[in-house]
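Examination of the molecular architecture
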Amino acid sequence: MAASIMSNVFFTKFPKRTCTRKTLAGIRKLSAGNSYINTQPKCLQTKSGQLCRSNHLVRCSGIYNHRNQFSTETAQSEDYHSIISDREKSSGPGTKNEFQAETRMLLDIVAKSLYSEREVFIRELISNANDGLERLRYQLVTGIIGADTGAPLEIHMAVDKERKMLTIQDTGIGMTKEEMIENLGTIAKSGSKGFLKELQDKDVAAATSIIGQFGVGFYSAFMVADKVDVYSLSHKAGSRGFLWTSDGCGTYEIAEAEGVQRGTKIVVHLKSDALEFADDEKVNNIIKKYSNFVGAPIFFNGRRANQMEALWMTDAKNVTDSMHEDFYRFISKAYDRPRYWLHYKADAPVNIRSVFYVPESKPTTFDMSREGQTGISLYSRKVLIKDQTDQILPKWMRFIKGVVDSEDIPLNLSRELLQNSALISKLRIVLSNRLMRFFQEQAKKDPAKYQLFFKDFGLFFREGIIMTGDQGEKEDIAKLLRFESSAKPAGEMVSLEDYGSRMTAGQRDIFYLSAPSRELAETSPYFEAVRTKDIEVLYCYEPYDELVLMQLRQFDKKNVTSVEKQMVDEKEDNMAASDDVDSLPKTDADSLCKWMKTTLGNKAKDVKITRRLSNHPCVVTVAEMGAARHFVRTAFQGIPEDQRYSILQPTLEINPSHPLIKKICTMRTSDANLATLVTEQLFDNAMVAAGLIEDPRVMVKRLNEVLTLALEKH
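Residues numbered from 1 in each chain as written. Predicted model: local features only at pLDDT ≥ 70, side-chain atom pairs only at ≥ 80, totals over all residues. Heavy atoms only, no water.

1. A closer look at the pattern of salt bridges
Throughout the structure, instances matching the rule amount to 34 salt bridges. Asp273 is the salt-bridge partner of Arg118, the closest N and O atoms lying 3.7 Å from each other. In this pair, Arg118 sits in the loop between α2 (101–112) and α3 (120–141) while Asp273 sits in the loop between β12 (263–270) and α6 (280–291), placing the two residues 155 residues apart along the sequence. Several salt bridges converge on common partners, so that one network encompasses Glu325, Asp326, Arg329, Arg337 and Glu360. (Salt bridge = Lys/Arg side-chain N within 4 Å of Asp/Glu carboxyl O. Helix = DSSP H or I, 4+ residues; strand = E, 2+ residues; numbered from the N terminus.)

2. Regarding the sheet that holds strand β16 (residues 352–359)
The mixed open sheet is built from five strands, whose spatial order is β15-β16-β19-β17-β18. Two strands close off the open sheet at either side, each with one partner strand: β15 (338–346) and β18 (383–386). Here the strands of the sheet are splayed against their neighbours by 25 degrees on average, with no regard to which way each runs. As paired strands, β15 and β16 are joined by eight bridges and run antiparallel to one another. Following the sheet pairing, Lys345 is matched in β16 by Arg353. (Pairing = 2+ DSSP bridges. Axes fitted to C-alpha atoms, helices over the stretch in contact; angles between N-to-C directions.)

3. Things to note about the packing of aromatic side chains
Within this structure, the stated rule accounts for 34 aromatic pairs. On the numbers, 6.4 Å between centres and 20 degrees between planes, the contact of Tyr219 with Phe222 is stacked. Across this residue pair, the class does not change: Tyr219 and Phe222 are buried. Between Trp244 and Tyr252, the aromatic rings sit 5.7 Å apart at their centres with planes inclined by 20 degrees, giving stacked as the arrangement. An identical accessibility class is assigned to Trp244 and Tyr252; each is buried. Counting every residue linked through ring pairs, the aromatic cluster contains Tyr340, Trp396, Phe399, Phe438, Phe439, Tyr450, Phe453, Phe454, Phe457, Phe460 and Phe461. (Phe/Tyr/Trp six-rings, centres within 6.5 Å; stacked < 30°, edge-to-face > 60°. Buried < 20%, exposed > 50% of the residue type's maximum accessible area, 1.4 Å probe, protein only.)

4. As for the nonpolar core
If you look at the biggest cluster of nonpolar residues, it comprises 104 residues, and the most contacted ones within it are Phe439, Phe461, Leu652, Ile654 and Leu692. Top contributing element to this core by residue count: helix α9 (residues 422–445), with nine residues. The contact partners of Leu652, leaving out residues within four places of it in the chain, are Met596, Leu600, Asp606, Val607, Lys608, Cys618, Val619, Val620, Phe683 and Ala686. (Core = buried A, V, L, I, M, F, W, Y, C linked by side-chain atoms within 4.5 Å. Contact = heavy atoms within 4.5 Å.)

5. Remarks on the environment of Asp229
Here Asp229 lies in strand β9 (residues 225–233). Not counting the four nearest positions on each side in its chain, Asp229 is found in contact with Leu243, Trp244, Thr245, Lys265, Ile266, Val267 and His269. Here the side chain of Asp229 touches Thr245 through a polar contact of 3.2 Å, side chain to side chain. (Polar contact = N/O pair within 3.5 Å; in protein donor to acceptor, adjacent residues only side chain to side chain.)

6. Looking at the packing of α9 against helix α10 (residues 447–467)
Orientation of α9 relative to α10, taken along the N-to-C sense of each, is 145 degrees, at an axis distance of 8 Å. Contacts between α9 and α10 involve Phe439, Gln442, Ala443, Lys444 and Lys445 on the former and, on the latter, Pro447, Tyr450, Phe453 and Phe461. Considered class by class, the residues forming the contact of α9 with α10 number six nonpolar, one polar and two charged. (Nonpolar A, V, L, I, M, F, W, Y, C, P; charged D, E, K, R; others polar.)

7. Some details on the packing of helix α20 (residues 659–670) against helix α21 (residues 672–689)
Closest axis-to-axis distance for the α20/α21 pair is 7 Å, and the angle between their directions is 145 degrees. Relative to α21, α20 is oriented so that their crossing is left-handed. Facing α20, whose interface residues are Leu660, Ile661, Ile664, Met667, Arg668 and Ser670, α21 presents Ala672, Leu674, Ala675, Val678, Thr679 and Leu682. (Left-handed = near helix turned anticlockwise from the far one by under 90°.)

8. Examining the pairing of β16
Counting buried residues in β16 gives eight out of eight residues, a clear majority hidden from the surface. Neither face of β16 is left uncovered, since the one carrying Ile352, Ser354, Phe356 and Val358 and the one carrying Arg353, Val355, Tyr357 and Pro359 both have all their residues buried. A loop of five residues connects β15 with β16, the two strands running antiparallel in sequence. Where β16 lies against strand β19 (residues 401–405), five bridges are found, and the strand directions are antiparallel. Bridging from a neighbouring strand, Phe356 pairs with Gly402 of β19.

9. Regarding the layout of surface pockets
Its boundaries defined by the atoms lining it, the largest pocket holds a volume of some 820 Å³. Forming the boundary of the largest pocket are 34 residues, of which Ile331, Ser332, Lys333, Gln388 and Lys401 lie nearest the centre. Secondary structure elements with two or more residues in the lining of the largest pocket: α6, α7 (321–332), α8 (365–368), β17 (375–380) and β19. Its residues assigned to classes, the lining of the largest pocket shows 14 nonpolar, ten polar and ten charged. (1 Å grid on protein atoms, 1.4 Å probe; cavity = no way out; pocket = protein on both sides within 12 Å on 5 of 7 lines; lining within 4 Å. Points joined across faces, edges and corners; volume = space filled by probe spheres on them.)

10. Considerations on a nonpolar patch on the surface
Taken together, the side chains of Leu703, Leu707 and Leu711 define a hydrophobic patch exposed on the protein surface, amounting to about 280 Å² of accessible area. Its location among the elements puts Leu707 in helix α22 (residues 700–711). Since its relative accessible area comes to 45%, Leu707 is described here as partly exposed. (Patch = residues over 30% accessible without salt bridge, like charges linked within 9 Å, V, L, I, M, F, W, Y side chains within 5 Å. Areas by Shrake-Rupley, 256 points an atom, 1.4 Å probe, with all protein chains shown as cover.)

11. A short note on the side chain of His269
Tracing the sequence through the fold places His269 in strand β12. Here Asp229 takes part through its side chain, which lies 2.7 Å from a polar atom of the side chain of His269. Contact partners of His269, with chain neighbours within four places excluded, come to Lys164, Met165, Val224, Ala225, Asp226, Lys227 and Asp229.

12. Side note on the sheet that holds strand β27 (residues 618–621)
Taken together, the three strands give an open sheet; going across it, the order is β26-β28-β27, and neighbouring strands pair in mixed fashion. Strand pairing shows two members of the sheet lacking a second neighbour, β26 (606–609) and β27, which therefore form its edges. Strand-to-strand twist of the sheet, defined as the mean angle between neighbouring strand axes without regard to direction, takes the value 25 degrees. Relative to strand β28 (residues 651–654), β26 runs parallel, the two sharing four bridges. Among the inter-strand pairings, Lys608 is bridged to a residue of β28, identified as Glu653.

13. A short note on the state of the cysteines
Applying the stated criterion to the full structure yields zero disulfides. Between Cys665, a free cysteine, and Cys593, which holds the nearest cysteine sulfur, the sulfur-to-sulfur gap is 9.6 Å. Overall, Cys665 belongs to the buried group, its relative accessible area being 8%. (Disulfide = S-S within 2.5 Å.)

14. Description of unusual backbone geometry
With glycine set apart, most residues show a phi of negative sign, and most peptide bonds adopt trans. Phi at Lys164 takes a positive value of approximately 55 degrees, unusual for a residue other than glycine. Residue placement: Lys164 occurs in the loop between β7 (155–160) and β8 (165–170). Of note, the phi angle at Asp534 is positive, near 55 degrees, even though the residue is not glycine. Looking at where Asp534 falls in the secondary structure, it is placed in the loop between α14 (525–531) and β23 (537–540).

15. Some remarks on the side chain of Glu528
By secondary structure assignment, the location of Glu528 is in helix α14. Notably, Glu528 is buried but unbridged: the nearest opposite-charge side chain belongs to Arg531, and the N-O separation is 4.5 Å. A polar contact of 2.3 Å, which involves the side chain of Glu528, links it to the backbone nitrogen of Ser614. (Lys, Arg positive; Asp, Glu negative; His and termini not counted.)

16. Let's talk about the environment of Val568
Structurally, the position occupied by Val568 is in helix α16 (residues 563–569). By relative accessible area, Val568 is classed as partly exposed at 34%. In sequence terms Val568 and Thr621 are 53 residues apart; their C-alpha atoms lie 6.5 Å from each other. In this structure, Val568 is in contact with Thr621, Val622 and Ala623, ignoring residues within four places of it in sequence.

Printed below as a string of structure tokens:
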């Protein structure tokens, strides 16, 4: 720092000027938002250009000149700024006090088992320091006390490996001796909580800046400390400094102290197994992890530690795209850009300040796993509570990165975990509904961009429909699904709502067909069966699409039905048309059905005539085709072939007008062997088209036999 004027350390020389109160007062006017130093309380006039110790502020970047600008001629380190020193010391005999018996027990719980991670003691101490600053700020802005002539409202931290110490100091409201006894000598007695209640009784908005609630955060220091020293000087006029000391074993001592600056300074003497908290990098990372967005500036070892703005607390209209990009990269630890972002605030039913991002990069296999962690960080008044919480958004929304901040969220005593409550459920519903509505808005605003997004992240929406048990939530998620349709050209995707808007009068079902590609779907015997009815069909190219729609069941009071199921449910006149000269006569058709049923044995539950086909010789129908396909893919391994058919119970429906069927009818008497092989092959072909044969290679041997017999006559 330019003029690093610490306690009893050194003086800085001004060229051609003397240090006066007028000069320093001018410097104070330019001090907002910059780095500062705070000199000794006693003001001394300078001699020979020497800068005295003074209870005033000097900007770090150099020397104030006659043009109200700063020269860097004597600047040593522009960024360095610290108020921590060793000048505080006890100045009188101390009084020893004992915690009450139940308080000692509670202290032991707080210090040893309340918190899951020891590092959170730094978060708790910073939060307490910030509360002290906010309480003083409130008294300043409301005129309860006069204009502040002391140090700016800041938090300073430092570590000393050799002395095994961690120090945190604030320039806040401070404490009197009585307040130290009341707030530090009594577990679960929170000065912040009392102040917060006072503000809330007055309906004062400043209450939202106070973090502490339970009065136990300070004692988290004993998780890592052999001894804790607390120096404090109240902001009240005429106050004296005091030292509070305890080893956390049931007693504490209070003595008058000298050299104490306004505010509170805590010195943590680290245990031998906690020396990691005297490491610069370790502590700096903890500060950035938990307290990076605390409103007060935090300086660690003389350097500013929290420089990132709490974007979610800023008015959305004041946040630029580049600010969103930088903030997204910070919270997600990624290098891509966000493709979507949502800045959302609400005051009812719960206070919410949040910002959400959708990554531009495609999700990895690890991201797809339900074991993967969520990307939402939970804050309370800009202090991190949980880095990756899975209680704020449903699990299927884990691809979303962001921050949720609420002062109303019910936390447990350690402020690490959410308490299960109706409020958390309500918060979850509010946020998930807002995000789903946001995606719907983006789909209408830019369909092409949304289609690319759905291609990359649509699997999460499908998972949401399958995993949730609430039908209303299923249908809300289903609004985000996209499919190709028989009514639109290849590549163009439609929503279920789009489909519903085009339904004909009297149509009560949304039809879909599962197929690996559009070409196979359009040449499928199942699509052929409904094409003449001028019914729009959605194409499901992925196996899980069919499973999703089976789970959905209904959408907007319309049944979601597969084409195959429609064929089973729909009644059909199986009588051969007497005027169809190309069709087998009824007697021949009936006789052929019986013969084919005998030939196929237990493979086919039944064989019957269908009039729904024109280009295909036959088709297989099963009561629940989608469920059957899923069963084949997941559970058929190791089941004997005869048992598979008894489970599926497929019905073979034949087209009496197709040349192959008519040829089999005549060939069953002239060449029974070939007719049998062809019948079995047609049945297996139909099973393959239905997706009910796990491995089609079983047909190769028979297919070769059919070819051999067919070519013997040539």
